[in-house]
Amino acid sequence: MKIRDIGNTRLTGVALIIAATCVIELLVYRQWLDPVYVPPPSTILASLAETMASGELPNHIGITLGRAFVAYSIAILIAVPFGILLGESRIAFNLFDPLIQAFRPMPSSAIIPVAILFLGIGDSMRLFVIAFASVWPVLVAATDAVKRVDPILVETGRMLNLSRRQIALRIALPSAAPAIATGMRIGLAIALILSLTVEMIVGGDGLGFFILDAERSFQFARMFAGIVAIGVIGFLANSAFTAFDRKVLRWHHQSVLRDK
Amino acid sequence: MSTSAALRLSNITKEFDGNAAISNVDLEIRTGELLAIIGRSGCGKSTLLRVMAGLVQPTRGVVELNGRPIAGPPEDLTVVFQEYGRSLLPWKTVVSNVAFGLSAARMEKKERVDRALSCLDAVGLLKHADFYPWQLSGGMQQRVALARALARKSSILLLDEPFGSVDAQSRLELQDELLRLWSSFGMTAVIVTHDIDEAIYLADRVCVMRGSPGVISAQAIIGLERPRVQVETRGKPEFSALRRELYESLAG
Ligand SMILES: Nc1ncnc2c1ncn2[C@@H]1O[C@H](COP(=O)(O)OP(=O)(O)OP(=O)(O)O)[C@@H](O)[C@H]1O
Ligand SMILES: [Mg+2]
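Note that the structure is predicted; figures quoted are calculated from it, not measured.

Novice: In this structure, what is going on with the side chain of Arg50 of chain B? I would like to understand it.
Specialist: Following the sequence through the fold, Arg50 of chain B ends up in helix H1 (residues 45-52). For Arg50 of chain B, a relative accessible area of 16% puts it in the buried group. Other than its neighbours up to four places away in sequence, Arg50 of chain B contacts Ile152 and Glu155 of chain A together with Leu55, Val56, Phe81 and Glu83 of chain B.

Here's what the structure looks like:
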């Protein structure tokens, strides 16, 4: 690899993170940043290693991810079929779209008090809030994607004597899959964010609680260790999704490349 | 040739948002006939074909298939769309695309694939069976769409400029392939084309569409003997006479 090729790889991004870490370390070491509030990265990493090794952090991470995953799955199971229905059926669209547009811009944290009122502060409330927030991007993407299916493909299905159901499943769904995947990716990020938010607001357990608890007890290295963990999780979740997407929707990426 | 009408269009008008694309078209296509439709761009040829296929509901008028009004795309009818590339499923390979044409038929998977492969062979694309549509050139995609239509073995085949994107040499070969299949299966076929010579070479009858909204303004019976042979048939004096006649109907 030539030097200038490095700019074309992910290594550049990793190098940037390492460089920034070193700069902060230096700034804190020289006391240009207050080490009480900004612990040096080396201390944060030590705290991260310690809380990981003790099993404390993995436990909270597991709880957060588990919650996000369950709620996200519920959101997808609702949003994908319902989005396809809305994209396929003009009647369903006209019936539900005004309601959806009214709910969608509502900040998800705003429904937390309502959810607490009706569901208490247990797990069902948390799952509801997370699912509620991550349903919208998937629902809107699915509806839109199905509406945008090439009418020639639909005509092709009709000409080949497929039933409405077959056209939905064998033509509209695969055509819409790439756009739905994009909505699902946004939904995944929102599910993670909302898990953390709910944990910070309601407390109890989970990574969000861990971070807030550390901050309140002035253990800033622990707090930053938790934040670093979030960054790593976000990065890994996105990479996993990208890999899945590339594999399953290879036809889409390649045909799009070809069109350029 | 039988004289019964396979498709009968009576007084068909199709409007889009109040603008007529075709107006008061009467057309009868006899069973076993090969009809060509020629006409300038935008005169309503594709609209007429979609109405025949039951894909578009006419604003006024009736389409009958074997004497019965149609309500939607009939089972025994296949269309090759002008937008052939967009009619292929980009997530399926070439052979799966062709086999997909048989989805509604009660057939074993193996049988579908075998038939798909033999039709791909007929259009010279056997080697590309495992490619994806977007890996093929426009002309190759057009032949995949053609293979998918042939695989269905429908008794009525509607082709909308099916050879528009293939090279001149393949075009002549595909014309002959179409004639061979048409005569051996006894199909009824309608082909829309811009090419007057192609219309004469293939058809029993050529209809000329004109105007906006489109109407059928003239027709010519093509009495050239069959089987037709590229150089020989095209060299006949009747061929030139028909070409002149149709050219004048299109232009005049
Ligand atoms: N879905 C549609 N909505 C609105 N107008 C349409 C639609 N389809 C066709 N038209 C109009 O109907 C007229 C005839 O179109 P059509 O596609 O049938 O022409 P054509 O003879 O097939 O042309 P070409 O040779 O370019 O394919 C055009 O004026 C077109 O704008
Ligand atoms: Mg057309």
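Resuming the write-up.
Novice: Could you clarify how one ought to interpret the packing of helix H3 (residues 109-122) of chain B against helix H4 (residues 138-151) of chain B in this entry?
Specialist: All names here are of chain B. One way to put it is that H3 packs onto H4 with a least axis distance of 9 Å and a crossing angle of 130°. In terms of axis orientation, H3 runs oblique to H4. Note on packing geometry: the crossing formed by H3 with H4 is right-handed. Along the contact surface, H3 presents Arg115, Cys119 and Leu120, while H4 presents Ala147, Leu150 and Ala151. When grouped by side-chain class, the residues that make up the contact of H3 with H4 number five nonpolar, no polar and one charged.

Novice: Help me understand the interface of chain A and chain B, please; the structure alone is not making it clear to me.
Specialist: Buried accessible area, meaning the area lost when the parts come together, often serves as the stated size of an interface. At the interface, 19 residues of chain A touch 28 residues of chain B. Carbon and sulfur atoms make up 62% of the area that chain A and chain B hide from each other, which totals about 2,300 Å². Here chain A and chain B share two salt bridges between them. With a shortest N-O distance of 2.7 Å, Glu155 of chain A and Arg50 of chain B are connected by a salt bridge. At the surface where chain A touches chain B, the tally comes to seven residue pairs in polar contact (both at pLDDT 80 or more). Broken down by secondary-structure element, the contributors of at least two residues to the side of chain A that touches chain B are helix H8 (151-159), helix H9 (164-202) and helix H12 (250-259) of chain A.

Novice: I keep staring at the domain arrangement of chain A and nothing clicks. Help me out?
Specialist: Residue and element names in this part refer to chain A. Along its sequence, chain A is carved into domain 1 (1-38) and domain 2 (39-259). Computed from C-alpha coordinates alone, the two centres of domain 1 and domain 2 are separated by 30 Å. Listed as interface residues are nine residues of domain 1 and, on the opposing side, eight residues of domain 2. Between domain 1 and domain 2 the total buried area reaches about 630 Å² when both faces are included, carbon and sulfur atoms providing 64% of it. When the buried surface of domain 1 facing domain 2 is broken down by residue, Glu25, Tyr37 and Val38 rank first, second and third, together holding 54% of it.

Novice: Please clarify how helix H6 (residues 111-119) of chain A should be interpreted in this entry.
Specialist: Residues spaced three or four apart along an α-helix point in a common direction, a consequence of the helix completing one turn every 3.6 residues. All names here are of chain A. Looking at H6, one finds that the buried residues are Ile111, Ile112 and Ala115. Taken end-on, H6 shows its buried residues confined to a sector of 100°, consistent with a single buried face. Away from its buried face by more than 90 degrees, H6 exposes Pro113 and Leu117. Residues of H6 that are buried sit in contact with helix H7 (123-147) and H9. Trailing H6 by a residue or two, Gly120 shows a phi angle of about 75°, which is positive.

Conventions used here
Residues numbered from 1 in each chain as written. Chains lettered and ligands numbered in written order. Predicted model: local features only at pLDDT ≥ 70, side-chain atom pairs only at ≥ 80, totals over all residues. Heavy atoms only, no water. Helix = DSSP H or I, 4+ residues; strand = E, 2+ residues; numbered from the N terminus. Buried < 20%, exposed > 50% of the residue type's maximum accessible area, 1.4 Å probe, protein only. Contact = heavy atoms within 4.5 Å. Axes fitted to C-alpha atoms, helices over the stretch in contact; angles between N-to-C directions. Parallel < 35°, antiparallel > 145°, perpendicular 65-115°, else oblique. Left-handed = near helix turned anticlockwise from the far one by under 90°. Nonpolar A, V, L, I, M, F, W, Y, C, P; charged D, E, K, R; others polar. Buried area = accessible area lost by both parts, 1.4 Å probe. Salt bridge = Lys/Arg side-chain N within 4 Å of Asp/Glu carboxyl O. Polar contact = N/O pair within 3.5 Å; in protein donor to acceptor, adjacent residues only side chain to side chain. Domains from an automatic or database assignment. Arc of directions from axis to C-beta.

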